[in-house]
Amino acid sequence: MRLLTHFDQPVDDAQHSFRRILKALSEPGVLVTLPLVTGWQPLNPATTALLLTLADQETPLYLAAALSSDEVQQNLRFHTGTPLAASSAASSFALFSDAVTAEQLAACPAGDELSPEHSTTVVIQTDSLHHGIALRLRGPGIEHHRRVAPQLPAAVLDYLLNRPVAFPAGIDFLLTCGEKLMAIPRTTHVEVC
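Residues numbered from 1 in each chain as written. Predicted model: local features only at pLDDT ≥ 70, side-chain atom pairs only at ≥ 80, totals over all residues. Heavy atoms only, no water.

The name recorded for the protein in an unreviewed UniProt entry is Carbon-phosphorus lyase complex subunit, from Yersinia aleksiciae.

Mind showing me how you'd approach the pattern of salt bridges here?
Where side chains of opposite charge bring their charged atoms close, a pairing between them can arise. Per the counting criterion, the structure on display carries 4 salt bridges. Linking Arg136 and Glu191 is a salt bridge whose minimum nitrogen-to-oxygen distance equals 2.9 Å. One end of the pair, Arg136, is in strand E5 (residues 135-138); the other, Glu191, is in strand E9 (residues 189-192), with 55 residues separating them in the sequence. A relative accessible area of 22% means that Glu191 is categorised as partly exposed. (Salt bridge = Lys/Arg side-chain N within 4 Å of Asp/Glu carboxyl O. Helix = DSSP H or I, 4+ residues; strand = E, 2+ residues; numbered from the N terminus. Buried < 20%, exposed > 50% of the residue type's maximum accessible area, 1.4 Å probe, protein only.)

Please clarify how the packing of aromatic side chains should be interpreted in this entry.
By convention here, two paired aromatic rings are described through the distance between centres and the angle between planes. Considering all chains together, one arrives at 2 aromatic pairs under this definition. Note on Tyr62 and Phe96: the rings are 5.7 Å apart at their centroids and 50° apart in plane angle, and the pair reads as tilted. Taken together, the positions of Tyr62 in strand E2 (residues 61-63) and Phe96 in strand E3 (residues 93-96) put the pair 34 residues apart, joining distant regions of the chain. Judged by relative accessible area, which is 15%, Tyr62 ranks as buried. With a centroid separation of 5.5 Å and 65° between ring planes, the pair formed by Tyr159 and Phe173 is classed as edge-to-face. On the criterion of sequence distance, the pair formed by Tyr159 in helix H5 (residues 154-162) and Phe173 in strand E7 (residues 172-177) is long-range, its members being 14 residues apart. Taken as a pair, Tyr159 and Phe173 share a single burial class, namely buried. (Phe/Tyr/Trp six-rings, centres within 6.5 Å; stacked < 30°, edge-to-face > 60°.)

Shown next, in the form of structure tokens:
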């Protein structure tokens, strides 16, 4: 096994990264930069930092085949201790590329009104957080509305526009590109501009 680089200052960088992730979740559509860490190919730096910060022994992680490698799996186990789930149906976090399908999203647990915390947080690694379809976001953490245009896979856009489960259940999305992160949590109403 070849150990890949991680945070330079593991405790301080993980705390800083956690605060940035919380900012993104509390202010949907706002771009944040995560602490610089070399991405574990095929993972980008933001996805790598996010997993180093949030994944642990109690959060099963599903890796889509396009974003998985033996090296990534071994380093995730070594640095975070996270168990790797065979399917997204058994995961706390699911990592997909822009090739994610509606069926894959439907397999992710969305929780229910009594236990919304039993949902999967979906991480989508995308090519751009700027050059997609213009969307208007409204809801908690947004004063009036916020306009964003991430490049979203068709399945994710459809999920966000037609939320198939009622709040408080649902999936939270974390979108990464390069060193940047944007969140669109289940509390956010999304419409095309």
